[in-house]
Amino acid sequence: MKTTSLKNSILITAFAVGFIWCFKAFELNFNINLSWLGVYPLALHGLVGIITAPLIHGSLEHIFNNTLPILVLGSFLIYGYPKTRWRVLITVWLLSGIGVWLFGRESYHIGASGLTHGVFFYLFVVSIFRRENTTPHRYLSTQRDLKCS
């Protein structure tokens, strides 16, 4: 698997955020409400939202509140987990949408919060179980053991 530099990881994520901002700019420039592209629970017409809901935001405040978490978490995911990054992103995207479709209240659900929460959960859990020999604690204990020998 080809690794991606941190700079490229940030650029990829920034491009994705820019794509989301294009949807909001389209809404604002043409005075169109795209909320109907959100997830509407237990309705066939609401299934399209599983794919489109993370791209649509209700207000500028809403999109501002999702921009930084997407940039940070997306960059960490793309840079730190090259073997699983796209599989994780697709899985979190789909499962968060399906979960809202199955269990959400009767309303259109929009925004990338499910995506950011899912990626955060993945990064948190995997970082607990991931074993690295380069952590400061292991480095210090190795150096101490070498001096004692």
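Predicted model, so just to flag it, every value in this text is computed and none were measured. (Residues numbered from 1 in each chain as written. Predicted model: local features only at pLDDT ≥ 70, side-chain atom pairs only at ≥ 80, totals over all residues. Heavy atoms only, no water.)

Student: Could you give an account of the side chain of His57, with specific residues and numbers?
Tutor: Inspection of the secondary structure puts His57 in the loop between helix H2 (49–52) and helix H3 (60–80). Given a relative accessible area of 2%, His57 falls into the buried group. Separated by 3.1 Å, the side chains of His57 and Asn66 make a polar contact. Here Ala112 takes part through its backbone nitrogen, which lies 3.4 Å from a polar atom of the side chain of His57. In contact with His57, not counting residues within four places along its chain, are Ile20, Lys24, Glu27, His62, Ile63, Asn66, Ile110, Gly111 and Ala112. (Helix = DSSP H or I, 4+ residues; strand = E, 2+ residues; numbered from the N terminus. Buried < 20%, exposed > 50% of the residue type's maximum accessible area, 1.4 Å probe, protein only. Polar contact = N/O pair within 3.5 Å; in protein donor to acceptor, adjacent residues only side chain to side chain. Contact = heavy atoms within 4.5 Å.)

Student: Explain the UniProt feature "transmembrane region" (unreviewed entry) in the protein to me, using residue names and the numbers behind them.
Tutor: UniProt tags residues 6–26, 38–57, 63–81, 88–104 and 110–129 as "transmembrane region" (unreviewed entry). The straight-line gap between the two end C-alpha atoms of residues 38–57 is 9 Å; of that span, 20% is helix and 0% is strand. (UniProt positions renumbered as here; feature names shortened; annotations may be inferred.)

Student: So, helix H1 (residues 6–30): which residues are in play, and what are the values?
Tutor: Taking 1.5 Å per residue as the helical rise, H1 with its 25 residues ought to reach 36 Å, and the 36 Å between its terminal C-alpha atoms agrees with that figure. Listing the buried residues of H1 in full gives Ser9, Thr13, Val17, Ile20, Lys24 and Glu27. Where H1 ends, the next residue or the one after it, Asn31, has phi of about 50 degrees, a positive value. (Expected span 1.5 Å × (residues − 1).)

Student: Outline the pattern of salt bridges, listing residues and values.
Tutor: Under the definition given, this model contains 1 salt bridge. Among the ionic pairs, Glu27 bridges to Lys24, the shortest N-O distance being 3.0 Å. Of this pair, Glu27 and Lys24 both sit in helix H1, 3 residues apart, roughly one helical turn. Neither Glu27 nor Lys24 differs from the other in exposure class; each is buried. (Salt bridge = Lys/Arg side-chain N within 4 Å of Asp/Glu carboxyl O.)

Student: Give me the lowdown on the packing of helix H4 (residues 85–103) against helix H5 (residues 113–129), citing residues and values where you can.
Tutor: Relative to each other, H4 and H5 sit at 130 degrees, their axes nearing to 9 Å. Classified by the interaxial angle, the pair formed by H4 and H5 is oblique. Seen along the crossing, H4 lies across H5 with a hand that is right-handed. Residues Val88, Leu89, Val92, Trp93 and Ser96 of H4 form the contact with H5, whose participating residues are Gly114, Leu115, Gly118, Val119 and Tyr122. Residue classes in the contact of H4 with H5 are distributed as 7 nonpolar, 3 polar and no charged. (Axes fitted to C-alpha atoms, helices over the stretch in contact; angles between N-to-C directions. Parallel < 35°, antiparallel > 145°, perpendicular 65-115°, else oblique. Left-handed = near helix turned anticlockwise from the far one by under 90°. Nonpolar A, V, L, I, M, F, W, Y, C, P; charged D, E, K, R; others polar.)

Student: Quick rundown of the packing of aromatic side chains? Include the residues and the values.
Tutor: Counted by the stated rule, this structure contains 6 aromatic pairs. A ring pair is formed by Trp21 and Phe64, whose centres lie 5.2 Å apart and whose planes are at 70 degrees; its orientation type is edge-to-face. Highlighted residues: Trp21 in helix H1 and Phe64 in helix H3, separated in sequence by 43 residues. Judged by relative accessible area, which is 53%, Phe64 ranks as exposed. Relative to Tyr122, the ring of Tyr81 lies with its centre 5.7 Å away and its plane at 75 degrees, an arrangement referred to as edge-to-face. A residue pair is termed long-range when its members are at least 10 positions apart, and Tyr81 in the loop between H3 and H4 and Tyr122 in helix H5 qualify at 41 residues. For the pair formed by Tyr81 and Tyr122, the shared burial category is buried. (Phe/Tyr/Trp six-rings, centres within 6.5 Å; stacked < 30°, edge-to-face > 60°.)

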